[in-house]
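# Report on the structure
Here are the chains, one letter per residue:
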Amino acid sequence: MSITEQTIRHVATLARLEIPPEEIPVYTGQLSRILELMEQLRAIPTEGIDPMSHAVEMTIPQREDRVVNTDQRDLMLSNAPDQAEGCFRVPKIIE
Amino acid sequence: MDAAIPTLAQAARALATGELSSVELTRACLERIERLDPSLNAFITVDAPGALAAAEQADQRRARGEANPLTGIPLAIKDLFCTKGLRTTCGSRMLEGFLPPYESTVTARLRAAGAVVLGKTNMDEFAMGSSNETSFFGPVANPWDRTRTPGGSSGGSAAAVAAGLCVASIGTDTGGSIRQPAAMTGITGLKPTYGRVSRFGMVAFASSLDQAGPMTRDIRDAAMLLQEMAGHDPMDSTAIDTPVPDYGAALERSVRGLRIGVPEEYFGEGLHPEVRAAIEQVTRVYRELGADLCPISLPMTRHAIPTYYIIAPAEASSNLARYDGIRFGHRCDQPKDLKDLYARTRAEGFGAEVKRRIMLGTYVLSSGYYDAYYRKAQRVRRLIAEDFARAFREHDLAVILTPTAPETAFRLGEKNQDPVSMYLSDIYTINVNLAGLPAASLPCGLDARGLPIGFQLIGRPLDEAAILTAGHAYQQATQWHLASPGEQP
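The model shown is predicted, which means the values in this text are computed figures rather than measured ones.

Looking only at helices and strands, chain B features 16 helices and eleven strands. Here the C-alpha radius of gyration of chain B, 21 Å, is about what a compact globule of 489 residues would show, namely 23 Å. Every one of the 489 residues in chain B was classed for burial, and the buried ones make up 64%. Once local pairs closer than 6 in sequence are excluded, the contacts in chain B between residues at least 24 apart make up 76%.

Below, the structure is given as structure tokens:
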């Protein structure tokens, strides 16, 4: 399946990645080539096959519902690019 | 063998008898890093003060009679494991200054055993790559030939062991990232069964495929490290809660009568003749040791690359959504609003291959393509896993023997302009991750250029012991694991 430049722009928006206009054709070409490689899967009959999402069949273990993390606010904030008053700071969203 | 730095088993013996102290051994490693790493670039961060402090503590612990075999052993850790207060970059500009607020389970266990962390090794960015060239911190050179790649993504961990900058190292393997660099640098690398080792504190790439494992000079060392790394962890719901066997005991078993499958699909077009010849020689060694070699077929093999390159990028695009420039990691300058902050932070923080995989993963998960690509790949993944299960069952196999990589170390710059040709170099390793099986790569020869060749042993789920048995028997009978690149400038 070939992919269009419009699709690349749409996917970049979904992925929250800024792609400069001159790189759009590069991504279009590379992704089209990679997707060509995927085409061979279409020919494999997979009706009735259960999709495999994990390598090990297991049920999700449950633990006792109690707090194990004590207050680590300042430690967790220590890697933040911008913080104020014990919170992560982001640019204004609503003018 | 490089006499400058002992194997783990040798070091453990010398430390136990008092012939060597951890401080002496750690200093020897740090001295070699200082002298040899400038031309290799195997380390992103070297923690000399931390390593020497840990070595002193290890020596004191030993003096108190509280040592175990890993106490005082200097290790190099792939820069993908969170180490509390020690910079962890994952080879990315995004995490250039990241100081983890917590410790990964793997490194916590190794430290608790008294191991010394020398530093953090270079790797492909977010473990996405097969040549170490996608690292923000520059490529790693192969100690056997500085113009060639050591493989990837755990290329720094592989080069550090091969060049004798550490006693052993820890890597991770999502599609071959322990085994392929092990093959290309002439060392032993073991990827355990998915879930055998906790993933807690590993920076996530593809969560259903990622697994940590040892990278060592020989299989005995790998068994010693795995013994400490394996086991259940309440912090990782996918860490399997079954007892860890005595891996040392597995080393001593005989391969007489052991059934080894050899799949025809791994010897087809694309396999370099010199690699083929070396693997055929391995089968002869096993025959002479009394193992029972059995031709088998894994017909789904050729579908593994497209399946993997749908599933892994899909999981990666989801996992890497956390890099938003808000809680940690890189942030762009002067964002005009939140969307601009996200888009520019991610454009600046990620390199080309990571962006390509995020785009690919986002595409195959997007509305209208999910069933055609992602769902389809998950169904084929089950067929690939069933292929292995059937072969093990029908032929009553202990292990499957294959080449690790189709060729020996390629030149830096040879494939990094063509993503598809780079992806194809994973052809013999990614099946194993899709099926969740344990597998190791062991050295089995040198090509005409003097570059190492590796072979792969694949085991049944949770049967790392069979791989250790077969691997150790081979290394008892041969000398390839003793070959060393020597000290090239």
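The secondary structure content of chain A amounts to three helices and two strands. Listing every helix and strand of chain A by position from the N terminus yields α-α-α-β-β. With the C-alpha coordinates of chain A rotated into their principal frame, the extents come out at 55 × 45 × 25 Å. Relative to its full complement of 95 residues, chain A shows a buried share of 15%.

Across chain A, the average pLDDT comes to 91, with 98% of residues at 70 or higher. When pLDDT is averaged over each helix and strand of chain A, the minimum, 93, is found for helix α3 (residues 73-77) of chain A and the maximum, 97, for helix α1 (residues 5-14) of chain A.

Residue and element names in this part refer to chain B. For the pair helix α10 (residues 304-319) and helix α13 (residues 370-394), the least separation of the axes is 9 Å and the interaxial angle reads 125°. The angle between α10 and α13 places the two elements in the oblique class. For the pair α10 and α13, the crossing hand works out as left-handed. Contacts between α10 and α13 pair Ala304, Thr307, Ile310, Ile311 and Ala314 from the former with Tyr373, Tyr374, Ala377, Gln378, Val380, Arg381 and Ile384 from the latter.

All names here are of chain B. For strand β7 (residues 259-263) and strand β8 (residues 292-296), the ladder comprises five bridges, and the chain directions are parallel. By the bridge assignment for β8, Ile260 is matched with Leu293. Regarding topology, helix α9 (residues 273-288) serves as the crossover connection from β7 to the parallel β8, and that connection is right-handed. Relative to strand β9 (residues 399-403), β7 runs parallel, the two being bridged by two bridges. Along β9, the bridge assignment pairs Gly261 with Ile400.

The next point concerns helix α5 (residues 155-162) of chain B. All names here are of chain B. Of all eight residues that make up α5, eight are buried, and the element is covered over most of its length. Every buried residue of α5 is listed here: Gly155, Gly156, Ser157, Ala158, Ala159, Ala160, Val161 and Ala162. The first or second residue beyond α5 is Gly164, which carries a positive phi of 70°.

Our next topic: the interface of chain A and chain B. Each partner contributes to the interface: chain A provides 41 residues, whereas chain B provides 54 residues. Put simply, the parts of the chain that give the side of chain A that touches chain B at least two residues each are α1, α2 (24-38) and α3 of chain A. Among the elements that take part in the side of chain A that touches chain B, α2 of chain A stands out by supplying seven residues, more than any other. Per-class residue counts for the side of chain A that touches chain B are 27 nonpolar, eight polar and six charged.

Residues and elements named next belong to chain B. Each neighbour pair has its own omega, and for Gly152 with Ser153 the value is 10°, a cis peptide bond. With respect to the secondary-structure elements, Ser153 resides in the loop between β3 (116-121) and α5. The phi angle at Cys90 is positive, at roughly 55°, despite the residue not being glycine. When you line up the elements, Cys90 lands in the loop between β2 (74-78) and α4 (105-112). Backbone geometry places Gln334, a non-glycine residue, at a positive phi of 45°. Considering the arrangement of structural elements, one finds Gln334 in the loop between α10 and α11 (338-349). Judged by local crowding, Gln334 falls into the exposed class, with 8 C-beta atoms found within 10 Å.

Right, let's get into the nonpolar core. Soluble globular proteins: nonpolar side chains tend toward being buried together. Residue and element names in this part refer to chain B. In terms of nonpolar packing, the biggest core is built from 168 residues, with Leu75, Val116, Leu118, Cys166, Val399 and Ala470 touching the most fellow members. Looking at this core, the element that brings in the most residues is α10, giving nine residues. Setting aside chain neighbours within four positions, we find Val399 in contact with Ile260, Leu457, Ile458, Gly459, Ala466, Ile467 and Ala470.

So, about helix α3 (residues 48-63) of chain B. Residue and element names in this part refer to chain B. For α3, spanning 16 residues, the distance from its first C-alpha to its last is 22 Å, which sits close to the expected 22 Å at 1.5 Å a residue. Residues of α3 that are buried: Ala51, Ala54, Ala55, Ala58 and Asp59. What you see down the axis of α3 is that its buried residues fit within an arc of 140°, all on one side. Summarising the geometry of α3, the exposed residues directed more than 90 degrees from the buried face are Pro49, Gln60 and Ala63.

This part is about the sheet that holds β9 of chain B. Residue and element names in this part refer to chain B. Across the sheet, eleven strands lie side by side as β1-β3-β2-β4-β6-β5-β10-β11-β9-β7-β8; this open sheet has mixed pairing. Bordering the open sheet on either side are β1 (43-46) and β8, each of which pairs with just one other strand. Pairwise comparison of adjacent strand axes, ignoring direction, gives a mean angle of 25° for this sheet. Sheet topology note: the β1/β3 ladder contains three bridges and is antiparallel. Counted as the bridge partner of Phe43 is Thr121 from β3. In the packing of helix α7 (residues 219-229) onto the sheet, contacts are made with β4 (168-172), β5 (188-191), β6 (212-216) and β10 (439-446), and the angle to β6 comes to roughly 150°.

For the rest of this paragraph, the subject is the packing of α1 of chain A against α2 of chain A. In a pair of packed helices, the angle between the axes and the distance between the axes together describe the arrangement. Residue and element names in this part refer to chain A. Two numbers describe how α1 lies on α2: the axes approach to 9 Å, and their chain directions differ by 100°. Judged by the inter-axis angle, α1 sits roughly perpendicular to α2. Of the residues in α2, those touching α1 at Glu5, Ile8 and Arg9 are Ile24, Pro25, Tyr27, Thr28 and Leu31. Across the contact of α1 with α2, the residue classes tally to five nonpolar, one polar and two charged.

Here we take up the environment of Pro335 of chain B. Along the polypeptide, Pro335 of chain B turns up in the loop between α10 and α11. Pro335 of chain B gets classed as partly exposed once you count the C-beta atoms within 10 Å, which come to 17. Between the alpha carbons of Pro335 of chain B and Ala473 of chain B there is a distance of 60 Å; along the sequence they are 138 residues apart. When near neighbours in sequence (up to four residues on either side) are disregarded, Pro335 of chain B contacts Pro91 of chain A together with Asp340, Leu341 and Arg344 of chain B.

Here we come to the environment of Arg93 of chain B. All names here are of chain B. Here Arg93 lies in the loop between β2 and α4. Note: C-alpha distance between Arg93 and Gly329 (236 residues apart in sequence) is 8.4 Å. Apart from the residues within four sequence positions on either side, Arg93 is in contact with Phe136, His330 and Gly349.

Rules and cut-offs
- Residues numbered from 1 in each chain as written.
- Chains lettered and ligands numbered in written order.
- Predicted model: local features only at pLDDT ≥ 70, side-chain atom pairs only at ≥ 80, totals over all residues.
- Helix = DSSP H or I, 4+ residues; strand = E, 2+ residues; numbered from the N terminus.
- Rg over C-alpha atoms; globule rule 2.2 N^0.38 Å.
- Buried ≥ 20, exposed ≤ 12 C-beta atoms within 10 Å, placed from the backbone.
- Contact = placed C-beta atoms within 7 Å.
- pLDDT = per-residue confidence, 0-100.
- Axes fitted to C-alpha atoms, helices over the stretch in contact; angles between N-to-C directions.
- Parallel < 35°, antiparallel > 145°, perpendicular 65-115°, else oblique.
- Left-handed = near helix turned anticlockwise from the far one by under 90°.
- Pairing = 2+ DSSP bridges.
- Right-handed = clockwise from strand over helix to strand, strands pointing away.
- Nonpolar A, V, L, I, M, F, W, Y, C, P; charged D, E, K, R; others polar.
- Core = buried A, V, L, I, M, F, W, Y, C linked by C-beta atoms within 7 Å.
- Expected span 1.5 Å × (residues − 1).
- Arc of directions from axis to C-beta.

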